[in-house]
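Residue-level structure breakdown
Here's the letter readout for the chains.
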Amino acid sequence: MNKSAANAFINQVLVYTLVMLVFTGSIGFGTVWLRHEISLAANRNKNLRTHLAEVQRHLDQLIAEIAAAQSPDALIRLDSSMRLGLDMPRQEQIQRVPGDVEQQLAARRNPDLFVAEIQPAGFRRGGTR
Amino acid sequence: MSKGFASNYRMVILATGIFLCFGGVSARLACLQVVKRTELLKYVEQARRSFVVENARRGNIRATRWGAEGALDIDEILDASRIRAKGALETDEILATSRTLVDVGLDPHMLRREDEVRWPDLARLLGLTLTDLRATVARRAPETAEDDGPDAKPVQWVKLAEGVDETIFDRINELKIRGVYGNRVYRRVYPRNSLAAHVIGYVNREGTPAAGVEHYMDFFLRGQNGWRESERDGRRQELAQFRTREVPPVDGFDVVLSIDTYVQHLIEKELQQIAEKYSPAKATIIVSQASTGYILGLANYPTFNLNEFSKAPLDAQRNFAVTDVYEPGSTFKIVAASGALNDGLVTRDSAFDCGLTEIDYHGRHLHLPREDHPFHELTVAEIICHSSNRGAAQLAMLLGDQRFYAYTRAFGFGQKTGFPFGGEVVGLLESPKHWDGLTITRMPMGQGAIAATPMQMHCAMGAIANGGVLLEPQLFREVRDADNKLVFAFGDLPRRRVVSERTAATMARLLMAVASPEGTAPEAAVRGYEVAGKTGTTEKLVDGRYSTTHHVASFVGFFPASRPRVVLSVIVDDATVPKSLGGIAYGRVVAAPAFHDIAMQLIQYLDIKPVTEPPGNRLAMQGGRW
């Protein structure tokens with residue numbers, strides 16, 4: 001092998017090496033970038049889940065507080081402190097209405113209409129068709 | 001090809017240098033990955049590996065608002081899909097829930113002097129005085145001489161407050177005081193304190209369900225913990241990108257009870273009034289739905305606060321309705337009467353001489369029990385109405401030992417009712433071969449060879465209200481997942497037919513007379529609602545003898561008799577009745593008025609329609625002033 005051929009070979013090896021370095025470097029940087037992005041996404045995900053858990057904790061607290069505020073004892077105390085005097089109705093105060101109340105009210109307001117509606121069908125003697 | 005710079009010997013050196021660098025890196029990699037692999041992996045495993053358990057949220061225990069469903073017919077109530085369509089279950093109320101609380105503390109060594117200006121705010125948020133806070137902080141130094149030894153560790157965690165709310169802890173964090181931090185703990189809370197305490201039970205400080213529904217339904221409530229495997233960095237922070245395996249937690253299911261908070265509150269309030277008025281040793285009230293056996297309310301006196309269960313005496317934590325027995329007294333007369341009617345041995349008009357003091361039975365001459373009032377000839381209807389002891393004894397004799405015993409068993413005495421927890425006992429029921437000569441005369445009036453739990457007596461009366469079919473008490477309605485989807489629905493649990501429907505209807509009519517002006521408990525009557533029931537006044541055994549001053553007073557009944565909706569039992573043990581009310585704790589005096597008061601409220605709440613219109617109502621309808 002003469003000297004020029006050897007130089008050309010070394011030259012080629014160097015060029016290929018550099019190209020390979022650039023190529024593998026790019027892959028390396030790409031991989032690092034990708035892993036960084038994965039890390040960021042994973043951390044964002046983790047933070048979101050942490051936040052969700054925090055919201056859930058606050059929600060649990062709220063639910064417990066609402067339940068406590070709705071307890072009969074708490075409501076009675078509130079009724080007493082606000083002097084509302086709320087109480088269940090007594091039996092004597094209740095008038096029970098049988099049947100459909102709306103229908104009865106409507107019938108009372110429009111007697112002609114409802115009387116006509118419930119008139120049975122029939123033929124008048126001597127009438128014409 | 002030109003020679004280029006490759007001809008330069010320096011390029012050869014550069015290339016050699018680059019290859020040497022690569023070679024060095026490769027050698028190091030080989031050393032790390034091959035030679036020291038095992039050692040390094042062990043270190044990494046220990047230092048970086050993170051295994052975190054994610055706790056599942058324990059499900060809630062919820063109540064049902066039957067009042068919201070009151071306008072529905074019973075068939076509609078059983079149709080869960082229709083109930084949901086009407087949004088009735090949206091009003092369910094929480095009886096037990098889980099929440100996080102924070103134990104706040106500080107590391108005295110981490111505190112900074114510049115943060116001291118914010119200590120008053122910290123003290124205020126924690127509900128401490130500034131002096132207390134400063135005293136706590138001063139624990140930086142060892143407290144005793146013994147602690148001052150060479151092995152003494154510095155105090156790194158001083159607890160400031162337990163069970164701090166999340167919102168308050170957020171505000172503490174906003175103060176940004178270095179060294180103050182908190183540990184979150186899951187706690188079970190009972191927002192309604194003592195409401196239905198004996199039913200709900202509790203989870204103790206170690207997180208172990210110890211009693212009640214909490215214990216019995218733990219399989220559904222506890223959920224399944226999740227876990228994740230990942231790595232952490234040098235600051236012990238998790239590297240989320242290295243999560244390798246992850247199993248998410250599955251939250252526990254919600255258990256929906258048939259208990260109604262309003263009904264429960266109502267009976268607990270009534271028990272409180274009974275306690276204030278008569279100072280009993282204990283008392284129990286049970287309310288259930290006649291056709292399904294759903295328990296709408298179950299309360300005992302004395303009771304306890306679920307959030308402070310550790311302070312409650314163990315005796316107060318017992319569910320007397322299933323753990324304690326008593327002689328049911330006259331309420332038990334329904335067994336002999338139902339049996340005789342069901343076997344066709346008598347009709348409601350069959351007459352018995354209740355003035356007799358002695359009677360011949362299977363060749364033996366037996367003394368009949370004494371009566372509170374002298375009677376002569378009474379029909380079966382009158383025996384029930386006036387609660388004749390001798391009449392009940394003669395009905396049982398007509399049945400005979402074996403049949404009477406068979407009916408007693410059929411009504412559920414001497415066996416567990418099926419109430420799912422709380423240490424239910426079977427009660428006492430001797431078989432006829434162990435009976436003495438007097439048993440057939442005393443047992444029909446609920447004394448002697450019979451002792452029952454309040455729940456057994458309640459279920460027996462429930463069998464009559466339910467057309468003759470004995471039901472298991474049903475406490476659970478549904479199990480729902482965290483998204484409120486139905487997982488399992490519980491229905492009614494019929495055990496057996498005890499008497500025919502006709503007999504049950506006859507008995508219901510006979511029991512209506514008890515709450516009439518001629519009966520033993522007119523105090524229990526509610527006009528227009530056909531209250532049917534039976535009083536019971538049992539002398540307690542004190543030092544082996546029946547006492548004339550200590551009684552168990554009871555009234556067990558249902559209404560309306562012609563289409564029963566609610567079965568209600570009031571049982572009061574050892575009430576002290578003032579002389580002005582007769583001095584003796586009769587069922588009529590102690591239990592019947594409580595039955596009436598509860599019934600009046602239930603009628604409103606459950607929207608129970610009257611069977612007969614009260615006169616005032618008819619007038620209003622005719623006058624058209626509605």
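Remember, predicted model here, so these are calculated numbers, not experimental data.

Quick notes on the overall build of chain A
When helices and strands are counted, chain A shows 4 helices and 0 strands. Secondary structure elements of chain A, listed N to C terminal, follow the sequence α-α-α-α. Here chain A holds 129 residues, and 16% of them are scored as buried. As presented, chain A carries roughly 10,800 Å² of accessible surface, and 63% of it is formed by carbon and sulfur atoms.

Points about the interface of chain A and chain B
Note: interface size is frequently given as the accessible area lost on complex formation between the parts. In this complex, chain A contributes 43 residues to the contact, which on the side of chain B involves 50 residues. Regarding the contact of chain A and chain B, the summed buried area is about 4,000 Å², with carbon and sulfur atoms giving 59% of it. For the pair chain A and chain B, the interface holds 4 salt bridges. The salt bridge partner of R49 of chain A is E246 of chain B, with a shortest N-O separation of 2.7 Å. For the interface between chain A and chain B, the tally reads 10 residue pairs in polar contact (both at pLDDT 80 or more). At the level of elements, α1 (3–69), α2 (72–81) and α3 (101–109) of chain A are the ones that each hand at least two residues to the side of chain A that touches chain B. Of all the elements, α1 of chain A adds the most residues to the side of chain A that touches chain B, at 24 residues. The class makeup of the residues in the side of chain A that touches chain B is 18 nonpolar, 14 polar and 11 charged.

Brief notes about the nonpolar core
All names here are of chain B. The biggest cluster of nonpolar side chains holds 141 residues, and the ones touching the most others in it are V213, F404, F413, F558 and V570. Ranked by the residues each element gives to this core, the list is headed by helix α20 (residues 587–605), at 12 residues. Counting residues domain by domain, this core receives three or more from each of domain 1 (48–146 + 153–257) and domain 2 (261–475 + 492–617). Not counting chain neighbours up to four residues away, the residues in contact with F413 comprise F332, V335, T408, L429, I450, A452, Q456, M457 and A460. Counting 20 residues, the second-largest nonpolar core is a separate cluster that includes L126, L175, I177 and V180.

Looking at the layout of surface pockets
The calculated volume of the largest pocket comes to roughly 1,700 Å³. Every residue lining the largest pocket is counted, 45 residues in all, and those nearest its centre are A53, Q56 and R57 of chain A together with N55 and Y186 of chain B. Elements supplying a minimum of two residues to the lining of the largest pocket: α1 of chain A together with β1 (49–54), β3 (93–106), β5 (180–189) and β6 (226–232) of chain B. Looking at the lining of the largest pocket element by element, the count peaks at 12 residues for α1 of chain A. Looking at side-chain class alone, the lining of the largest pocket contains 14 nonpolar, 11 polar and 20 charged residues. The space that makes up the second largest pocket amounts to roughly 840 Å³. Taken together, 36 residues make up the lining of the second largest pocket; nearest its centre are S330, D372, N389, T537 and Y586 of chain B. Mapped by element, the contributors of at least two residues to the lining of the second largest pocket are α14 (380–386), α17 (439–442), β22 (532–542), β23 (545–559) and α20 of chain B. Examining the composition of the lining of the second largest pocket, we find that 5 residues originate from one element, β22 of chain B, more than from any other. Tallied by class, the residues present in the lining of the second largest pocket amount to 9 nonpolar, 18 polar and 9 charged.

Digging into the environment of A505 of chain B
Structurally, the position occupied by A505 of chain B is in helix α19 (residues 501–512). Sequence-wise, A505 of chain B and R563 of chain B are 58 residues apart; in three dimensions their C-alpha atoms are separated by 9.5 Å.

Things to note about empty space enclosed by the protein
All names here are of chain B. A full pass over the atoms with the stated rule returns 3 cavities of 30 Å³ or more. What the largest cavity holds in volume is close to 110 Å³. Every residue along the wall of the largest cavity is listed here: K282, A283, T284, F320, D324, V325, Y326, P454, V552, I571 and D573. If you list the elements that add at least two residues to the lining of the largest cavity, you get β10 (282–289) and β24 (566–573). Its residues placed into classes, the lining of the largest cavity shows 7 nonpolar, 1 polar and 3 charged. Here the second largest cavity is characterised by a volume of approximately 90 Å³.

Things to note about the packing of helix α11 (residues 261–278) of chain B against α20 of chain B
Residues and elements named next belong to chain B. Two elements in contact, α11 and α20, have axes separated by 10 Å at closest approach and are oriented at 155 degrees. Considered as vectors, α11 and α20 are oriented roughly antiparallel to each other. Remark: the crossing between α11 and α20 carries right-handed chirality. Across the interface between the two elements, Y262, V263, L266, I267, E270, I274 and Y278 of α11 pack against V589, V590, A594, D597, I598, Q601, L602 and Y605 of α20. Its residues placed into classes, the contact of α11 with α20 shows 12 nonpolar, 1 polar and 2 charged.

Structural notes on the domain arrangement of chain B
Residue and element names in this part refer to chain B. Examined at the domain level, chain B breaks down into domain 1 (48–146 + 153–257) and domain 2 (261–475 + 492–617). Here the C-alpha centroids of domain 1 and domain 2 sit 45 Å apart. Contact with domain 1, which involves 32 residues of that partner, is made by 29 residues of domain 2. Roughly 2,600 Å² of surface becomes buried between domain 1 and domain 2 when both sides are summed, with 64% attributable to carbon and sulfur atoms. When the buried area of domain 1 at its contact with domain 2 is split by residue, W66, H198 and Y202 rank highest and sum to 29% of it. Along the contact surface separating domain 1 from domain 2 lie 10 residue pairs in polar contact (both at pLDDT 80 or more). Where the side of domain 1 that touches domain 2 is concerned, the elements lending two or more residues are α3 (74–78), β3, α8 (197–200) and α9 (212–216). No other element matches α8, which puts 4 residues into the side of domain 1 that touches domain 2.

Remarks on the packing of helix α13 (residues 333–342) of chain B against helix α16 (residues 401–410) of chain B
Residue and element names in this part refer to chain B. Running from N to C, α13 and α16 point in directions that differ by 115 degrees, and their axes come no closer than 9 Å. Taken together, the axes of α13 and α16 are roughly perpendicular relative to one another. In the crossing of α13 with α16, the sense of the turn from one axis to the other is right-handed. Along the contact surface, α13 presents V335, A336, G339 and N342, while α16 presents F404, Y407 and T408. Grouping the constituent residues of the contact of α13 with α16 by class yields 4 nonpolar, 3 polar and no charged.

Some words on the pairing of strand β19 (residues 476–480) of chain B
All names here are of chain B. Of all 5 residues making up β19, 5 are buried, and the element is well covered by its neighbours. Two elements, strand β9 (residues 254–257) and β19, share 4 bridges in a ladder whose sense is antiparallel. Across the sheet, D254 pairs through a bridge with R480, a residue of β19.

The rules behind these values
- Residues numbered from 1 in each chain as written.
- Chains lettered and ligands numbered in written order.
- Predicted model: local features only at pLDDT ≥ 70, side-chain atom pairs only at ≥ 80, totals over all residues.
- Heavy atoms only, no water.
- Helix = DSSP H or I, 4+ residues; strand = E, 2+ residues; numbered from the N terminus.
- Buried < 20%, exposed > 50% of the residue type's maximum accessible area, 1.4 Å probe, protein only.
- Areas by Shrake-Rupley, 256 points an atom, 1.4 Å probe, with all protein chains shown as cover.
- Contact = heavy atoms within 4.5 Å.
- Buried area = accessible area lost by both parts, 1.4 Å probe.
- Salt bridge = Lys/Arg side-chain N within 4 Å of Asp/Glu carboxyl O.
- Polar contact = N/O pair within 3.5 Å; in protein donor to acceptor, adjacent residues only side chain to side chain.
- Nonpolar A, V, L, I, M, F, W, Y, C, P; charged D, E, K, R; others polar.
- Core = buried A, V, L, I, M, F, W, Y, C linked by side-chain atoms within 4.5 Å.
- Domains from an automatic or database assignment.
- 1 Å grid on protein atoms, 1.4 Å probe; cavity = no way out; pocket = protein on both sides within 12 Å on 5 of 7 lines; lining within 4 Å.
- Points joined across faces, edges and corners; volume = space filled by probe spheres on them.
- Axes fitted to C-alpha atoms, helices over the stretch in contact; angles between N-to-C directions.
- Parallel < 35°, antiparallel > 145°, perpendicular 65-115°, else oblique.
- Left-handed = near helix turned anticlockwise from the far one by under 90°.
- Pairing = 2+ DSSP bridges.

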